[in-house]
Amino acid sequence: YSQLPGWSLRPDGSIVIATGNDDAPGLYRCTPYNSYGTAGESRPTRVLLKDPPAFTVRPKEEYFQEVGRELVIPCAAHGDPPPTITWVKVGSVGKSSAQVDGNSSLVLHPLIKEQHGVWECTATNQVASVTSATSVHVLGTSPHAVTNVSVLPLLLAANISWEPGFDGGYFQRFSVWYTPLVRSPPRAHHDWVSLSVPAGAQHLLVENLQPHTSYQFSVLAQNKLGSGPFSQIVTSVPRGFPVTTVPPEPPAMTVHVFLSPPRALTANETVRGVLLRWDPPARASVALSGYALELRQDKGGWEVLERSIPGTDTQVLVPGLIKDAFYEFRLVAFAGSYISDPSNTVNVSTAGMEVYPSRTQLPELLPQPVLAGVIGGICFLSVAVIFSTMAACIMN
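Along each chain, residue indices are assigned from 1 in the same order as the chain's sequence is written. Restriction of local features to residues with pLDDT of at least 70 applies here, the model being predicted, together with a cutoff of 80 or more for giving and counting side-chain atom pairs; totals for whole chains, interfaces and linings are based on all residues. Excluding hydrogens and water, the side-chain values take into account all heavy atoms of the structure.

## As for the overall build of the chain
Rule in force here: To qualify as a helix, a DSSP run of H or I must reach at least 4 residues; to qualify as a strand, a run of E must reach at least 2; elements of each kind are numbered from the N terminus. When accessible area is computed with a 1.4 Å probe and restricted to protein chains, residues below 20% of their type maximum are described as buried, those above 50% as exposed, and intermediate ones as partly exposed. Two residues qualify as a contact provided that any one of their heavy atoms is within 4.5 Å of a heavy atom in the partner residue. Working definition of accessibility: Shrake-Rupley area with a 1.4 Å probe, residue cover restricted to the visible protein chains.
The helix and strand tally for the chain stands at one helix and 30 strands. With 396 residues in all, the chain has 34% of them scored as buried. For the chain, the proportion of contacts with a sequence separation of at least 24, taken over those separated by at least 6, is 61%. When the accessible surface of the chain is totalled, it reaches about 23,900 Å², and 57% of it is carbon and sulfur.

See the structure below:
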């Protein structure tokens, strides 16, 4: 071994091959000995020289594609033994809806908004694993939620800043929503005060706030296709005027709302409509008081369908859907004075289905008093016509 570059023998008898090459593979035996001799050599062991995975085709750094179309991202590698190729979306929870074809390429068809983000291609064999990443940009969608919302408490004011999410391929604007956190019935986002943000800005000063009062803040992004989801809600307390007789209070600390969104929202079709089921929030600072159901049709803006679902309910029936339409539903939970982030979104398509009945969309039967009046009027008109005809005959 001393004649081979990079080979050495340790004091414990181990042999070290610093650089593997064609000299390394083969059968090896170890023979221990001392001044009295040896008890014999060890059983043979075989050294095999294998190659770690190496990419032959790497995905590009970025891909841009319209929503609903197909996107194929190639990725290939070789090694000894041949590596296995896997794809995963960074930050995703649960199993991805993506498919991999026979060439180990990632196939996204049809491309949906939730597939926007960073994807990783990993090649693995018995020797090592290597990874290559790419960014997928889904165009033609509503904006993604803003991130890293922070609130700087000021004197009777607060400065809100954030990092924009992907704009969906269109120019996006922002609005800041806020409400005082008082012990009263919870208020949904559509009941909050909203302030438009100047184009291109990523911060806004909210003034004329009450001192020593907690406020909830959230940021909403919008483009020509509609609104994205609300950002994480942040609670902060603006500073008041200092009192000379007491030391000034320390700056208010930002606290986070302890109310997680409803979980595992699902949709099932029934003869009466679409039945939505969900699990209650995993965490709530106070007792759960209710839910609000939001929907949007054909990628339009979000609307509140029902704002007073009891907190003990875990399902609701939605009738009155229009035929050959595409709906999205999500839930928001209320607990005390807190409002949660929206739940996961479920999609419902009524293509090829019968229209579900709805009291709000189908005409009701006429009330009995009105019906009696209509019948009486018809009878009176008929009698008048008969008498008019008889009078005309007599006169002739």
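From this point on, the discussion continues.
## Overview of a nonpolar patch on the surface
Condition: Like-charged residues within 9 Å of one another, or nonpolar side chains (Val, Leu, Ile, Met, Phe, Trp, Tyr) within 5 Å, are grouped into patches, provided each residue has over 30% relative accessible area and no salt bridge. We define a salt bridge as a contact between a side-chain nitrogen of Lys or Arg and a carboxyl oxygen of Asp or Glu at a distance within 4 Å.
A contiguous nonpolar patch, built from Val383, Ile386, Phe387 and Met390 and spanning about 410 Å² of accessible area, is present on the exposed surface. Locating Ile386 in the fold gives a position in helix 1 (residues 368-395).

## Looking at the nonpolar core
Applicable threshold: Each nonpolar core is a collection of buried residues, namely Ala, Val, Leu, Ile, Met, Phe, Trp, Tyr and Cys, held together in the definition by side-chain atoms within 4.5 Å.
Residues Ile160, Trp162, Val176, Val206, Phe217 and Val219 are the most contacted members of the largest nonpolar core, which totals 19 residues. For this core, the secondary structure elements donating two or more residues are strand 14 (147-154), strand 15 (157-163), strand 16 (173-180), strand 18 (203-206) and strand 19 (215-223). No other element matches the four residues that strand 19 contributes to this core. Excluding residues within four positions of it along the chain, Ile160 makes contact with Val149, Ser150, Val151, Val176, Gln202, His203, Leu204, Val206, Phe217 and Val219.

## Some details on the sheet that holds strand 10 (residues 99-100)
In plain terms, the rule: Note: two strands are recorded as paired if DSSP finds a minimum of 2 bridges between them.
Read from one edge of the open sheet, three strands run 7-11-10, paired in antiparallel fashion. Since the sheet does not close on itself, it has two edges, and those belong to strand 7 (71-73) and strand 10, each with one partner. In terms of strand pairing, strand 7 meets strand 11 (residues 106-108) through three bridges, oriented antiparallel. In the strand pairing of strand 11, Ile73 is matched with Leu106.

## Side note on the environment of Leu265
Relative to the elements of secondary structure, Leu265 occurs in strand 23 (residues 263-270). Residues Leu265 and Thr314, spaced 49 residues apart in sequence, show a C-alpha to C-alpha distance of 9.4 Å.

## A short note on the pairing of strand 30 (residues 346-349)
What you see with strand 30 is a clean split: Val346 and Val348 sit on the buried side and Asn347 and Ser349 on the side with no burial. Bridge count for strand 28 (residues 326-335) against strand 30 is four bridges, and the pairing is antiparallel. Its bridge partner being in strand 30, Tyr327 is matched across the sheet by Val348.

## Observations regarding the sheet that holds strand 15
Here is the rule we go by: Axis definition: a line fitted to C-alpha atoms, limited for helices to the stretch in contact. Angles are taken between N-to-C directions and run from 0 to 180 degrees.
The strand order 14-15-18 describes an open sheet built from three strands, whose pairing is antiparallel. Edge positions in the sheet fall to strand 14 and strand 18, since each of these pairs with one other strand and no more. Each strand axis lies, on average, 15° off the axis of its neighbour in the sheet, ignoring direction. Both strand 15 and strand 18 contribute to a ladder of four bridges, which runs antiparallel. What sits directly across from Ser161, in strand 18, is His203.

## Describing unusual backbone geometry
Residue Pro81 is reached from Asp80 by a cis peptide bond, and omega for that bond is 5°. Locating Pro81 in the fold gives a position in the loop between strand 8 (76-80) and strand 9 (84-89). In this structure, the amide linkage connecting His109 to the following residue, Pro110, adopts the cis form with an omega of -5°. Position of Pro110 relative to the elements: it lies in the loop between strand 11 and strand 12 (117-124).

## Quick notes on the environment of Thr266
Residue placement: Thr266 occurs in strand 23. Classification of Thr266 by relative accessible area gives partly exposed; the value is 37%. For the pair Thr266 and Thr345, spaced 79 residues apart in the sequence, the C-alpha separation amounts to 8.6 Å. Every residue in contact with Thr266, bar those within four places of it in the chain, is listed here: Leu275, Leu276, Arg277 and Val346.

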